[in-house]
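Working through the structure, step by step
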Amino acid sequence: MDMRRPIDVIFLGPYPPPVNGQSVAFKFAHDQYNGTKKLCDQNLEQLPFYKKIFFALKLIFTYIFLSTSRKYSVLYLAGSRSVGGALKDVFSILFFHFTGSRIVLHIHAAFFNHFISSLPFYLKPLFTLAYHRVDRFIVLHESMKGEYNGFLPEAQVSVLHNFYDPILDELEIKDKPNSEVIKIGYFSNLIYSKGIFILLEAFRELKKEYEHIELHIAGQYYSDQFMNERTVRERLNTFIKDPKDGIFYHGPLYGMQKKDFLKALDIFVLPSFYASEAMPISIIEAMRSGCVIIATEHHYLPFLVGPDQGACAKVRSVVSLKENLTKYIEQRDLRDQVKRANIEFAKKNYSPENFASGINTILELELKEFNV
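Scope of this entry: the structure provided in the associated data block.

Quick notes on the rules
- Residues numbered from 1 in each chain as written.
- Predicted model: local features only at pLDDT ≥ 70, side-chain atom pairs only at ≥ 80, totals over all residues.
- Heavy atoms only, no water.
- Phe/Tyr/Trp six-rings, centres within 6.5 Å; stacked < 30°, edge-to-face > 60°.
- Helix = DSSP H or I, 4+ residues; strand = E, 2+ residues; numbered from the N terminus.
- Buried < 20%, exposed > 50% of the residue type's maximum accessible area, 1.4 Å probe, protein only.
- Lys NZ or Arg CZ within 6 Å of the ring centre and 35° of its normal.
- Contact = heavy atoms within 4.5 Å.

Tallied over the entire structure, the rule returns 31 aromatic pairs. Here the aromatic rings of F26 and Y76 are separated by 6.2 Å at their centres, their planes lie at 20°, and the arrangement is stacked. With F26 in helix α1 (residues 21-32) and Y76 in strand β3 (residues 72-78), this pair connects stretches of sequence that are 50 residues apart. The same class applies to F26 as to Y76, namely buried. Pairing F187 with F261 gives two aromatic rings, centres 5.9 Å apart and planes at 40°, and the pair type is tilted. Here F187, found in strand β7 (residues 182-187), pairs with F261, found in helix α8 (residues 255-263); they are 74 residues apart in sequence, far enough to count as distant. The exposure class assigned to F187 is buried, which follows from its relative accessible area of 12%. Looking at F261, the relative accessible area reads 7%, which means it is buried. Put simply, the rings of F112, F115, F127, Y131, F137, Y148 and F151 touch in pairs and so form one group of aromatic residues. Stacked on the ring of F226, the Lys or Arg R316 has its end atom at 5.3 Å from the ring centre.

Encoded structure:
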């Protein structure tokens, strides 16, 4: 047997756990691809810092071995936006490009051009050299294509929308509970810059006026540049001391637990100002589950959440978030109308079938280029 026989695609990226938008999308892309493939998991997120360095170096040597020991037609890479994570990407791009593979880089974060311009001067030439070796970038929305003008015409830019979990396709509006209690929900990583405390402050004010509302929170604690994981946990606990306050924390949820959580909600809120926020899968899944969506006027979120899907509040504004929540708390007919419309909107624009078809089409295009 010829050990150099080409494999169609090698997938390099974060395979869950842990679960986040990027790891979910990477897993689905790998699992749904129909050709011959190999997986190289580079999920280092849960490791302490000193172990991340060790395993990052180990991954670089793994890339050298993989790229030289066997022929891969296409490298599909889930791009990182941290400098350390992107440095791994840079080495993998250079190694696999050198051995003749086509390079596909799937970016799940916003403002790639800003990331390049913000790099330290001693790293920017290396990063720029590598990214100019990319044959195709995949972005999450049409409005993001302009971020990659600096890499044209050498590279192609394809748009592939995010998707919801197929398990949610079992839900219809008739499955939504019909209760006098209005359930507001947050389902995302518990990060300060995702706006969790803006939401908690707004809800606490609303609860003084509306007794029939509840806030349900689900997600895993994480650190960001504003607040570490421990402080997020401690501060959240100050809001949920008494069930009479109407705030409930459910922990991280997956599978059927996630489905049941989203099904029970009326309004889904993600008041994010997260630095690289783009097109969150959590919002798409809440749409498919029949929720009104309230996000923020941050980055590309208004392209995802228009007036027909809900509203975008002002960034880091408790007052604006409270005003938008009040509108949907008070107007039941409007709330029910948007809930029904969002199910159909998500099914049409963000289905898992559309994503699976798109990833296969893009990779087949690159395989044809490889064989030319």
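There's more to say after this.
So, on to the side chain of K258. Looking at the secondary structure, you find K258 in helix α8. Look at K258 and you get buried, because its relative accessible area is 9%. Once you skip the residues sitting within four places of it in the chain, K258 turns out to touch D165, F187, L253 and E285.

Peptide bonds are trans in most cases, and residues, glycine excluded, mostly fall at negative phi. In this structure, P17 follows P16 across a cis peptide bond, with omega equal to 5°. Note on placement: P17 falls in the loop between β1 (7-13) and α1. For H299, which is not glycine, the phi dihedral falls at a positive 50°. Turning to its location among the elements, H299 is positioned in the loop between β11 (292-296) and α10 (301-304).

Locating I267 in the fold gives a position in strand β10 (residues 267-269). Sequence-wise, I267 and R335 are 68 residues apart; in three dimensions their C-alpha atoms are separated by 8.3 Å. Here I267 is in contact with I182, K183, I184, G185, V292, I294, L325, Y328, I329 and R335, once residues within four sequence places are set aside.

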